[in-house]
Amino acid sequence: MMEALRDLLTDANVRWVLIGTLLLGISSGLLGCFAMLRRRSLMGDVLAHTALPGVAVAFMLTQTKSVLPLLVGAVIAGLVSTACVDVITRYSRIKEDTAQGLVLTVFFGVGVVLLTHVARTGAAGQSGLNRFLFGQAASLIGNDVKVIAVAAVILTVLIVAFFKEFKLLAFDRGFGEGMGINMLALDRLLMLMVVVGVSIGLQAVGVVLMSSLLVTPAAAARYWTDRLEHMLLLAAAFGGVSGIVGTVVSLFGTRLATGPLIVLAATGLFVLSLIFGSRRGLLRKVLHQLRVRDRVARENLLRVLYETYETTGVDRGAEGFARHPVPETVLAVRMGLRPRTLRRVVRIAERFGWLTVQRAAGDPNVGRLIMLTNEGLAEAQQVTRRHRLWEMYLMYEADFAVDHVDRDADDIEHYLPPDVVEELERRLQMEGREPIVPPSVHPL
Amino acid sequence: MMIEDFWVLLTASLVASSCGFIGSFLVLRKMAMVGDAISHSVLLGIVLAFLLTQQLGGIAMFIGAALMGLFTTFVIQLLHQGGAQEDAAIGVTFTGLFALGVVLLSLYASNVHLDTEHVLFGEIAYVPWDILVWNGIELGPRAVWTVGGAFLLTLVVTGLFFKEFKLCAFDPAYALTLGIPVTLFHYVQMTLVSLTTVAAFDSVGAVLGVAMLIVPGATAYLLTDKLERMLLLSVVVGVLSAVLGYGFAVWLDVSISGAMASAAGFVFALAFLFSPRSGIIPTAWRRRRVLSGDGAEA
Amino acid sequence: MSLDKEIAVEVHDLTVAYHRRPVLWGVDFALPAGHLIGLIGPNGAGKSTLLKAILNMVPAASGWVKIYGKPYAQQKRLVGYVPQRESVDWDFPVNVLDVVLMGRYGHLGLLRRPRRADYEFAMACLEQVGMANYARRQISQLSGGQQQRVFLARALAQEALVYFMDEPFAGVDAATERSIIGLLEQLKKDGKTVLVVHHDLQTVQEYFDWVLLLNMRLIAAGPTEVTFTDENLRKTYGGRLTILSQAAHAFSQPADALVGREGREG
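Residues numbered from 1 in each chain as written. Chains lettered and ligands numbered in written order. Predicted model: local features only at pLDDT ≥ 70, side-chain atom pairs only at ≥ 80, totals over all residues. Heavy atoms only, no water.

To continue, consider the overall build of chain C. Scanning chain C from terminus to terminus reveals eleven helices and ten strands. Taken over 266 residues, chain C has a buried fraction of 56%. Pairs at least 24 residues apart make up 70% of the contacts formed inside chain C by residues separated by at least 6 positions. Accessible surface for chain C amounts to roughly 11100 Å². Of this, 49% is attributable to carbon and sulfur atoms. (Helix = DSSP H or I, 4+ residues; strand = E, 2+ residues; numbered from the N terminus. Buried < 20%, exposed > 50% of the residue type's maximum accessible area, 1.4 Å probe, protein only. Contact = heavy atoms within 4.5 Å. Areas by Shrake-Rupley, 256 points an atom, 1.4 Å probe, with all protein chains shown as cover.)

Structure representation (structure tokens):
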């Protein structure tokens, strides 16, 4: 099997085909990012389908299957179709999505009519049609691949060259205009590049699925980063990998068309990104929620211990505050947690070195005893302080009713940024409401 | 005209009018591209149903396709809610599902008469030879029954819940305050779209099913200001496209479904240019008359 | 709050968050029946969100809403809603009467079609807003003020006891504004309760006998003469809440930012 693969890869034509699909994937991934940010993801779908009549007419005129004339035909058809979408939405009440779907299918229908006409007049076999529908990279030969590769390289270079301007176009068009950049021309250039990108892709991925190469890598990249630069690199990588994987599997003995395989590879990468994406991925969200929950529980544990020390200190009539072991069962009741949950929280806090756990000597009914360490005490002091600052703010500045204060203070207070805490202190100090650890405003 | 022509024409008209009817709601709800997505991804539903039951056609195929259609809208919605742009969500979902369908089809079902070209264009010309036989009685082409059945179901459901469909399309938030189960009706409608599409799939394929879903509705939208009339007109436009397309296809010996989509586009172009209410030419004409009238008064 | 008056709307501890970022915090109020109530607050104060949360269009993180003493879900029939005009597509192929008839759908229930009585009622509602002559007009041919009146007529057709209106005065001409306020006065006289999202501080005292002042949380609620004070307005429009929104923002940040902060804290 490895041998067969090596044979494949040493074949000169195969190497060219692989280079072609790699470059294709990269350039589509890059273009797709900007298309997505301009909210034109489905334009790829439209352009790929509307290229068909252009390809058919080019074939009828030149009677060759070589890429360059077909590419020209596809680009012209693409430009005509975008003009149609514009005219329909501007001069009637039809909305953009309907105009897109309409132009897409009607052009495609015309293309099918032309192609069947071509096929019946005998000039080309059905294989030609099929190649355009689902893409067959393997059937590409020398010069064709070179045309595709050159076009893909030009597109990539253009994106790099105009990166700043395209970024502006995607994020703040008005600002760009204010700076005297011709945004309309830039938008047209981007559209033209998308048309060219889609047209070269038709050979490998086919009419029906070409839009995927534009949308899917870009959408996948979005789950990993919020920065455009990184998004472009990732989308290019995803596109390139999909191109290679799809082509290799297609060449490797299977009789499958390249298009669906490339798309499946891209979709696979998308699903992985959706789950594992480091920025917006599902796993990330779930983990983050768990982390918030843990942190809230942990800090609440510290605060409850601290408050227990305060009150027992008062009870004993000592000079206030006394650190002493507290039974876990008492904590569970005060925090409203099930014993198992509490035990988990305690274990984590113990790992932080914030508290010590000891078995009650002699009396098995008391269970485990929890006591804050010195570091734990310092941490607890901070947590409690932040909690009470927030409560006071909510009560005195934001005018919350007393019975809402504690609940509202629950989650957000754990994530108050330091500058907000400082600001709170400053304000409460100004109003003379800022003790070192402010007393709680509601009865404990 | 031969009886075969009649059956093909009847099937084509039924496909065009049933798609046009339910498609009108997609046009109004700005969900045309969701229709595009559904009609592609039903392929995966059909293939999965085939792999499970080892037979083509029948109830299993319908259920598979309908479920896949619902699954598609569901995934799109989920991705959208998760923060992806809606058009990107549509693009990713349907291309992925369609590609999976094509690959499974080529891997496991290549000996069935469902090949990739069939998937895209259907084989409406063969409709008259696939006869539904029940208790030894020939009941006419199977396609007429499936497409007709899907259309009938759509008509009945839309008839029963017409006012809810109307309100949910116009102002879903308000519908919610009246206690109308908006989400339920959304999925009911998407089920109808899936069923209609899968019924049409066999005859005109995925891409041209979309043409019938979108173009007649869009054309009717230009011609009238009343929803009831728009639905009726979408059926008329559908039938007109089917008849014109079929005649054209026979005359030039080209793909019937392609010619139907082209004819639908042609009818749309006529409406776009000449519709008395909103067509470009009558509007320009009126404007000119108003302008010259002003000139005369001055 | 006087005890002899019935409570039409009671909202308790309503909190709403978009993407975990709170936009409404613990809102509490009780509206006595038979008042014309202005909901006042700056942009982004959550006025529309409050209406949508009351009407269960956006999920609430906490709290409950009662209409005449029972949960909103059981009392939908008693509640009329006038959304913002821009919330719908005015190219939709229906005419004015069709839109007003939609107000009857809640009474009709599933499967039943509007009858003659519903048509007559809808026409009467159009009459009330001075749009009877437009009944057969396509909605795309209406001016902004006329669109607003159609929405009001639709709400009237609901025969509700409590009305929620989202900026009914936005972008309408002076004549329409006067006729709308006349209509609202009439509703009040009939014992209905009307809560109106309102922007123009100049007209508050003239239009409303009750006000709710809102800015992310409720600042004040009560009769206009005692509640619509400089002090309360300063609280509503003043910048004292920057910390609240800052904190809310920090909380809604993705985890990375938070981890970064934790690192600096330590």
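It is worth spelling out the side chain of Gln-148 of chain C at this point. Residues and elements named next belong to chain C. Looking at the secondary structure, you find Gln-148 in helix α5 (residues 144–157). Taking relative accessible area as the criterion, Gln-148 reaches 1% and is therefore assigned buried. Setting aside its immediate chain neighbours within four residues, Gln-148 contacts Val-82, Pro-83, Arg-85, Glu-167, Pro-168, Val-172 and Ile-180.

By secondary structure assignment, the location of Leu-273 of chain B is in helix α11 (residues 256–274). Once you skip the residues sitting within four places of it in the chain, Leu-273 of chain B turns out to touch Gly-279, Ile-280, Ile-281 and Pro-282 of chain B.

A few words now on the layout of surface pockets. Of the pockets and cavities examined, the largest pocket occupies roughly 1500 Å³. Forming the walls of the largest pocket are 44 residues, and the residues nearest its centre are Arg-29, Lys-30, Met-31, His-80 and Glu-86 of chain B. Of all the secondary structure elements, the ones that give two or more residues to the lining of the largest pocket are α5 (96–120) of chain A together with α2 (32–53), α3 (59–81), α4 (86–108), α7 (162–170), α8 (172–177) and α9 (182–223) of chain B. A per-class count over the lining of the largest pocket returns 22 nonpolar, twelve polar and ten charged. (1 Å grid on protein atoms, 1.4 Å probe; cavity = no way out; pocket = protein on both sides within 12 Å on 5 of 7 lines; lining within 4 Å. Points joined across faces, edges and corners; volume = space filled by probe spheres on them. Nonpolar A, V, L, I, M, F, W, Y, C, P; charged D, E, K, R; others polar.)

This part is about the packing of aromatic side chains. A full pass over the atoms with the stated rule returns 16 aromatic pairs over all chains. Summarising the aromatic geometry, the rings of Phe-170 of chain B and Phe-92 of chain C are spaced 5.3 Å apart at their centres and angled 50° between planes, so their arrangement reads as tilted. Of this pair, Phe-170 of chain B sits in helix α7 while Phe-92 of chain C sits in the loop between β6 (79–82) and α2 (96–102), placing the two residues on different chains. The exposure classification of Phe-170 of chain B matches that of Phe-92 of chain C, with both residues buried. Feature note: the residues Phe-25, Phe-161, Phe-165 and Phe-185 of chain B constitute an aromatic cluster, connected by ring pairs. (Phe/Tyr/Trp six-rings, centres within 6.5 Å; stacked < 30°, edge-to-face > 60°.)

To continue, consider the interface of chain B and chain A. The partner chain A presents 55 residues to the 57 residues of chain B that form the contact. Summed over both partners, the interface of chain B with chain A comes to about 4500 Å²; 72% of that surface belongs to carbon and sulfur atoms. Three residues stand out in chain B for area buried against chain A, namely Met-33, Gln-85 and Val-92 of chain B, and they jointly supply 13% of the buried area on that side. Among the salt bridges present, the one from Asp-225 of chain B reaches Arg-93 of chain A, with a minimum N-O distance of 3.0 Å. (Buried area = accessible area lost by both parts, 1.4 Å probe. Salt bridge = Lys/Arg side-chain N within 4 Å of Asp/Glu carboxyl O.)

With that settled, consider unusual backbone geometry. Although it is not a glycine, Lys-30 of chain B adopts a positive phi angle of roughly 55°. Following the sequence through the fold, Lys-30 of chain B ends up in the loop between α1 (3–28) and α2. The partly exposed category is assigned to Lys-30 of chain B, whose relative accessible area is 39%. Positive phi values are uncommon outside glycine, yet Tyr-68 of chain C reaches one of about 45°. Within the element layout of this structure, Tyr-68 of chain C appears in the loop between β4 (62–67) and β5 (70–71).

Residues and elements named next belong to chain A. Overall, the coordinates contain 31 salt bridges over all chains when judged by the stated rule. Where Glu-229 meets Lys-167, a salt bridge forms, and the shortest distance between an N and an O atom there is 3.2 Å. Placement of Glu-229 in helix α12 (residues 228–251) and of Lys-167 in helix α8 (residues 163–171) is noted, with a sequence separation of 62 residues between them. Put simply, Arg-344 and Asp-294 hold a salt bridge, and the shortest N to O gap is 3.3 Å. Taken together, the positions of Arg-344 in helix α16 (residues 339–351) and Asp-294 in helix α14 (residues 282–315) put the pair 50 residues apart, joining distant regions of the chain. Judged by its relative accessible area of 27%, Arg-344 falls in the partly exposed class. Salt bridges linked by common partners bring Arg-38, Arg-40, Arg-173, Glu-177 and Asp-187 together as one network.

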